[in-house]
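Below are the chains, spelled out letter by letter.
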Amino acid sequence: MAQIIGGITTSHVPAIGRAIAKNLQQDPYWKPFFDGFIPIRQWLGDVKPDVVVVLYNDHGLNFFLDKMPTFSIGAAPEYRNADEGWGIPTVPPFMGDPALSWHLIEQLVGEEFDLTTCQEMKVDHAFTLPMALLWPDQNWPVRVVPVCINTVQAPLPSATRCWKLGQALGRAVASWPGDEKVVVLGTGGLSHQLDGERAGFINKDFDLKFMDSLTTDPSWACQFNTHQLVEQAGTQGVELLMWLATRAMQGDEVRKLHSNYHIPISNTASGLMLLQAA
Ligand code: DHB
Ligand code: FE
């Protein structure tokens, strides 16, 4: 039986790609951010996962506003990155796991979550940069299953819906007969707003409460509707839905092994957590 051995949640910001390309990890602006990943890489080196299920939101590289699935999943043998216009280097391709992908799809559709299935899928900075932070040599030692949740075009799925999606994905992984060690990587958030009158908005109190809730009261954020989430976390802060779905995949009990919070990176409050299955 496949086992979810841990969940990692992190922000994703295109500027991280530029910082990596310019080797700015020790630069005073970047050091508090990059140093947060050292314990996570140590843990990954110890546990050696086989597969990473990556929950993230595409920002227009694979899906554009003309076709925007609420939930989608990759079922490709390989996933490639491409230029999104940020001027950051692309990364090497990722190896997929079509058999596991199709199992997850079968199980989820069976549970009335009708995901858009993608046998070709480009992965954007929200996928590639967190992976590059976990494996800086970009010699990916894992297979991947990308799962996208729409947070770029209204209407967005509710926090409760994302929580239930995560629970269903957790059950689906657990029912896979292989003996893979699976890590869930959820990327997005925390509070940030890139547009409009509140551009630059960050809400540290909310972010810290949200991070705390993932261990103390994990479905706490489900009390907020989309407008309330935008109010609390900003228009792009709703990306925290990935954290919620990641946590839901992990079941009742988790242990926090590591966390980091640093503001700002670019326009974003950057958060990081490692939650191990209890
Ligand atoms: C930024 C943050 C994001 O989540 C994103 O997708 C793009 C840019 C930023 O803070 O610059
Ligand atoms: Fe984003």
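Summary of the structure given here. Model, not experiment: these values are computed from the prediction. (Residues numbered from 1 in each chain as written. Chains lettered and ligands numbered in written order. Predicted model: local features only at pLDDT ≥ 70, side-chain atom pairs only at ≥ 80, totals over all residues. Heavy atoms only, no water.)

### Re the packing of aromatic side chains
Here is the rule we go by: Only centres within 6.5 Å qualify two rings of Phe, Tyr or Trp (six-membered ring in Trp) as a pair; their planes then separate them into stacked at under 30 degrees, edge-to-face at over 60, and tilted for everything else. Secondary structure follows DSSP: runs of H or I at least 4 residues long count as helices, runs of E at least 2 residues long count as strands, and numbering of each begins at the N terminus. Under the scheme applied here, a residue whose accessible area is under 20% of the maximum for its type counts as buried, over 50% as exposed, and between as partly exposed, the area being computed with a 1.4 Å probe on protein chains only.
Tallying each qualifying case throughout the model produces 13 aromatic pairs. Measuring from ring centre to ring centre gives 4.8 Å for Phe94 and Phe127, while their planes differ by 75°; the resulting arrangement is edge-to-face. Within this pair, whereas Phe94 is found in strand β5 (residues 94–96), its partner Phe127 is found in helix α5 (residues 125–134), the two being separated by 33 residues in sequence. Summarising the burial analysis for this pair, Phe94 and Phe127 share the class buried. Ring plane angle 50° and centroid distance 6.1 Å describe the contact between Phe210 and Trp243, whose orientation is recorded as tilted.

### Quick notes on the site of ligand 1
So the rule is basically this: Think of it this way: one heavy atom of a residue within 4 Å of a molecule or strand is enough to make that residue near it. Computed by Shrake-Rupley with a 1.4 Å probe, the accessible areas treat only the displayed protein chains as cover when residues are assessed. Put simply, Ala, Val, Leu, Ile, Met, Phe, Trp, Tyr, Cys and Pro go in the nonpolar bin, Asp, Glu, Lys and Arg in the charged bin, and everything else, Gly too, in the polar bin.
As a structural note, the neighbourhood of ligand 1 is formed by His12, Val13, Pro14, His59, His125, His192, Leu194, Glu239, Ser266, Asn267 and Thr268. Protein chains bury 94% of the 300 Å² of accessible surface belonging to ligand 1 in isolation. Of the residues contributing to the shell around ligand 1, the split by class is 3 nonpolar, 7 polar and 1 charged.

### A closer look at helix α6 (residues 159–174)
Quick reminder of the rule: The length a helix should cover is 1.5 Å for every residue beyond the first.
A rise of 1.5 Å per residue sets the reference length of α6, with its 16 residues, at 22 Å; its end C-alpha atoms lie 23 Å apart and thus fit the reference within 8%. Regarding α6, the residues found buried are Ala159, Cys162, Trp163, Leu165, Gly166, Ala168, Leu169, Gly170, Ala172 and Val173.

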